[in-house]
Amino acid sequence: MIYWHIFLAFFIPGILGYGGGPASIPLVENEVVDRYGWMSTEEFSEVLALGNALPGPIATKMAGYIGYAQAGWLGATVGIFATVAPSLILMIILLKVLMKYKDSEKVKRMTVMVRPAIAVLLGVMAYQFFVSSYAGSGVLQTVLLFAASYLFLVRLRIHPAFVIAGALVYGGIFL
């Protein structure tokens, strides 16, 4: 029964918490502290602080920790699955609908209209990465990494994963 309670404690906030982790935190707190009594408010706030300190989505980290504290590794697995299940189910449903109407002219026009927005978002992100790199590493390092990446990716056609790994090693050693 504990696994079902863990599932519900994270699945319901995942459905109702529009906006992701920060929006669902009060709902998770209600389930964990008030409904099931697994933690006190102080303990929950410590788990929340720990979840904020670590990289990645807050809700999944909290679900893993609380699920593990209540029922071990299987509890952690159930908690994490319950957190991502609403988005997963919605994506599967939307993909089925999209695949059903993939030959529709409206769907084709929609995807054509979305492409420029995606290109702009990726361009803005690349610009922000460039500015961040320039501010953190300086112009010489930024130009060197840019030129090396261009050489390896475009001229030598090396797989992007190897170029990224090389840049990480370079940054770890020289920066």
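Novice: Help me get a handle on the pattern of salt bridges, residues and values and all.
Specialist: One pass over the structure, following the stated rule, counts one salt bridge. The salt bridge partner of Glu31 is Arg35, with a shortest N-O separation of 3.2 Å. With Glu31 and Arg35 both in helix α2 (residues 21-35) and four residues apart, the pair spans about one turn of that helix. Relative accessible area serves as the criterion here: at 7%, Glu31 is assigned to the buried category.

Novice: Talk me through helix α3 (residues 41-53); I want residue IDs and the actual numbers.
Specialist: Taking 1.5 Å of rise per residue, the 13 residues of α3 would be expected to cover 18 Å, and the 18 Å separating its terminal C-alpha atoms lies within 8% of that figure. Within the sequence span of α3, burial applies to Phe44, Val47 and Gly51. Axial view of α3: buried residues confined to an arc of 60°, hence all on one face. Of the residues in α3, the exposed ones pointing more than 90 degrees away from the buried face are Glu42, Glu46 and Ala53.

Novice: I'd like a rundown of the packing of aromatic side chains, residues and numbers included.
Specialist: How two aromatic rings sit relative to each other is given by the distance of their centres and the angle of their planes. With the rule as written, the count across this model stands at five aromatic pairs. Measuring from centroid to centroid gives 5.8 Å for Trp4 and Phe7, while their planes differ by 15°, and the two rings are stacked. Here the residue Trp4 and the residue Phe7 both occupy positions in helix α1 (residues 2-16), the gap between them amounting to three residues, near one helical turn. A relative accessible area of 48% places Trp4 in the partly exposed class. On the basis of relative accessibility, which here comes to 18%, the residue Phe7 falls in the buried class.

Novice: Tell me what's going on with the packing of helix α5 (residues 105-137) against helix α6 (residues 139-155), and back it up with residues and numbers.
Specialist: The N-to-C vectors of α5 and α6 enclose an angle of 130°; their axes lie 7 Å apart at closest approach. Overall, the two elements α5 and α6 adopt an arrangement that is oblique. Where α5 approaches α6, its residues Phe130, Ser133, Tyr134 and Ser137 are matched on the opposing element by Val139, Gln141 and Thr142. By residue class, the composition of the contact of α5 with α6 is three nonpolar, four polar and no charged.

Novice: Tell me about the nonpolar core, residues and numbers included.
Specialist: Core analysis: the largest hydrophobic core is formed by 23 residues, its most contacted members being Phe10, Val32, Trp38, Met39, Phe44 and Ile66. Elements represented by at least two residues in this core include exactly α1, α2, α3 and α4 (58-100). Looking at this core, the element that brings in the most residues is α4, giving eight residues. In contact with Phe10, other than residues within four places in its own chain, are Val28, Val32, Met62, Ala63, Ile66, Gly79, Ala82 and Thr83.

Novice: Go over unusual backbone geometry, please, and point to the residues and values.
Specialist: A positive phi is found at Arg157, a non-glycine position, where the angle reads about 55°. As for its placement among the helices and strands, Arg157 is situated in the loop between α6 and α7 (160-174). With a relative accessible area of 72%, Arg157 lands in the exposed category.

Rules and cut-offs
Residues numbered from 1 in each chain as written. Predicted model: local features only at pLDDT ≥ 70, side-chain atom pairs only at ≥ 80, totals over all residues. Heavy atoms only, no water. Salt bridge = Lys/Arg side-chain N within 4 Å of Asp/Glu carboxyl O. Helix = DSSP H or I, 4+ residues; strand = E, 2+ residues; numbered from the N terminus. Buried < 20%, exposed > 50% of the residue type's maximum accessible area, 1.4 Å probe, protein only. Expected span 1.5 Å × (residues − 1). Arc of directions from axis to C-beta. Phe/Tyr/Trp six-rings, centres within 6.5 Å; stacked < 30°, edge-to-face > 60°. Axes fitted to C-alpha atoms, helices over the stretch in contact; angles between N-to-C directions. Parallel < 35°, antiparallel > 145°, perpendicular 65-115°, else oblique. Contact = heavy atoms within 4.5 Å. Nonpolar A, V, L, I, M, F, W, Y, C, P; charged D, E, K, R; others polar. Core = buried A, V, L, I, M, F, W, Y, C linked by side-chain atoms within 4.5 Å.

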